[in-house]
Amino acid sequence: MIKLVHIVCLSLMLVTTNQQQRTLGKFQEIFAWKQLTYYINGIQLLQDRFSEDIVDRSKRQADRLIFSDDLPSENSTWNEGPDNDRPIWQATTQSPFVNPDEEAGRFFIQYNNLPMGVERVADRLFITVPRRRYGIPSTVNYISLSRDGRSRSPALRPYPDIARARSLASVYRTRADTCGRLWMVDTGLMEIPGNPQQIQPPAIVIYDLSTNTQILRYPFKSTDIPAANTPTGLASITVDITGPCDEAFAYVPDLTTYGLIVYSMLDNNSWRVTHNYFHFNPLAGNFRISGENFQWSDGIFSITLTEPEADGCRTAYFHPMASTQEFSVSTCVLKNSSLSSMSDYYRLYSYVGNRGEGSQSTMHGYHARSSVIFFAEIGRDAISCWNTGTALNPANIAILARDRQRLSYPSDLHVSNDEVWVMSNTLPRFGYSRLDTNEYNFYIYR
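The paragraphs below set out a description of the structure included in this document. For clarity, every value in this text was computed on a predicted model and none was experimentally measured.

### Notes on the nonpolar core
- Ranked by size, the top nonpolar core spans 59 residues in total, and within it Trp 33, Tyr 38, Leu 413 and Ile 444 carry the most contacts.
- Element by element, the count of residues in this core is highest for strand β2 (residues 27–33), at 5 residues.
- Those residues in contact with Ile 444, other than ones at most four positions away along the chain, are Gln 28, Glu 29, Ile 30, Phe 31, Trp 33, Val 118, Leu 125, Ile 127, Trp 421, Val 422 and Met 423.
- Counting residues in each nonpolar core, the second largest holds 20 residues, with Trp 271, Ile 303, Ala 316 and Leu 334 among its members.

Next comes the structure, spelled out in structure tokens:
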């Protein structure tokens, strides 16, 4: 059985590769950065800058929102922007918010920019940079593969552009659907260590990729996120379409409060479901990554969907990040908001199996043609795969690539047609120690 699993997984990867010098197992390195750079308004950012270096001061007043010199104080108010489709922040006094942190007020602090998500949509590669520090110019960005593909470390371009990008506070990962739309969760939170700022309500945000315009912003309801909790756990989104485009559903895991938010586009409504399977496994919460030792308690983190069955339902595979177990549930269960009131509701979820010691995973993705799921394993600095036609156990997990340095903390994995795209970003070293900016820290593989 293990031989069959390896053949299925590896043959898929061989189909999608081409000749490049830098490879990692069956993956090619497509891009790598020591530190991120940006291309904004005809200027390439290669070093720290104040906002005035890039955006004219007079133009900034119409789209002020998420930069540190615009942070709210108790004598400020919310107002609608001139285009009436996004909130802006306007102070009612001349005294801006003052933070003792010397980084406050900076438009670009190069070291603070750590990429998290990657997704290919046609010629564009979307890359997210959550605002976990000051000095992040844009949280959603892109690279043109045809224009920038020859550079090992291309500059990121804000999406859709620097002015409109400012309506987004912080995004961890994006997902495109089959209807030409780009979905994401804007946490609304500036995650400044010791001084987090909830700039705007967390929301699902959708862009039309053909026009690059925002077509929906759905703020979550108070019942979606437990009171007294910040939306730091809204780190991914999975889109489910089995009918017309306007009948899409989205599933948003909440890894910090161990819940799942379901959104119905047709009803423009959301609800929260809970289950014990959404919680972390305390036996899998110890990590050693990038030379750092720590404990995490991240719950349900990633959801990936199979093709629809005859009844129109998909199987949703999911797992907590601090866990080596995989679970599943029918999407028809998730789409029915009334089922959770049943006394035996918990029986509708299934335990699938255990991937093995050290196999804790951030994101995973399902490849429909081969029925294979790919895992971004942070516990083993690896990319693995499993043929869903076999039992899930360590013997049926194939390691496709593994490297302590170049694949340290694979933060995102996305299956796009017959390609598997992976981001690794050395996050634990960034959070607990210090990145070496003389060496490559961020990688994108295909």
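### Examining the sheet that holds strand β22 (residues 269–274)
- Strand order in the open sheet made by the 4 strands is β19-β20-β21-β22, with antiparallel pairing throughout. Among the strands making up the open sheet, the edge pair consists of β19 (238–240) and β22. For this sheet, the mean inter-axis angle between neighbouring strands, taken without regard to orientation, is 25°.
- Of the pairings in the sheet, the one linking strand β21 (residues 259–264) to β22 comprises 6 bridges and is antiparallel in character. Paired with Ser 264 across the bridge in β22 is Asn 269.

### Let's talk about the layout of surface pockets
- Quantified by volume, the largest pocket comes out at close to 880 Å³.
- As for the largest pocket, its lining consists of 31 residues, of which Ala 176, Thr 178, Tyr 366, His 414 and Val 415 are closest to the centre.
- Listed by contribution, the elements that provide at least two residues to the lining of the largest pocket are β9 (117–121), β13 (171–176), β19, β25 (300–305), β29 (361–367) and β33 (410–416).
- Tallying contributions element by element places β29 first for the lining of the largest pocket, with 5 residues.
- Of the residues in the lining of the largest pocket, the class split is 12 nonpolar, 10 polar and 9 charged.

### Here we look at the environment of Tyr 445
- Among the secondary structure elements, Tyr 445 is positioned in strand β35 (residues 442–445).
- Distance from Tyr 445 to Ile 30, taken between C-alpha atoms, is 5.3 Å for residues 415 residues apart in sequence.
- When neighbours within four sequence positions are excluded, Tyr 445 is seen to be in contact with Leu 24, Phe 27, Gln 28, Glu 29, Ile 30, Arg 406, Leu 407, Val 420, Trp 421, Val 422 and Ser 424.
- For Tyr 445, the side chain forms a polar contact with the main-chain oxygen of Arg 406, separated by 2.8 Å.

The rules behind the values
Residues numbered from 1 in each chain as written. Predicted model: local features only at pLDDT ≥ 70, side-chain atom pairs only at ≥ 80, totals over all residues. Heavy atoms only, no water. Core = buried A, V, L, I, M, F, W, Y, C linked by side-chain atoms within 4.5 Å. Buried < 20%, exposed > 50% of the residue type's maximum accessible area, 1.4 Å probe, protein only. Helix = DSSP H or I, 4+ residues; strand = E, 2+ residues; numbered from the N terminus. Contact = heavy atoms within 4.5 Å. Pairing = 2+ DSSP bridges. Axes fitted to C-alpha atoms, helices over the stretch in contact; angles between N-to-C directions. 1 Å grid on protein atoms, 1.4 Å probe; cavity = no way out; pocket = protein on both sides within 12 Å on 5 of 7 lines; lining within 4 Å. Points joined across faces, edges and corners; volume = space filled by probe spheres on them. Nonpolar A, V, L, I, M, F, W, Y, C, P; charged D, E, K, R; others polar. Polar contact = N/O pair within 3.5 Å; in protein donor to acceptor, adjacent residues only side chain to side chain.

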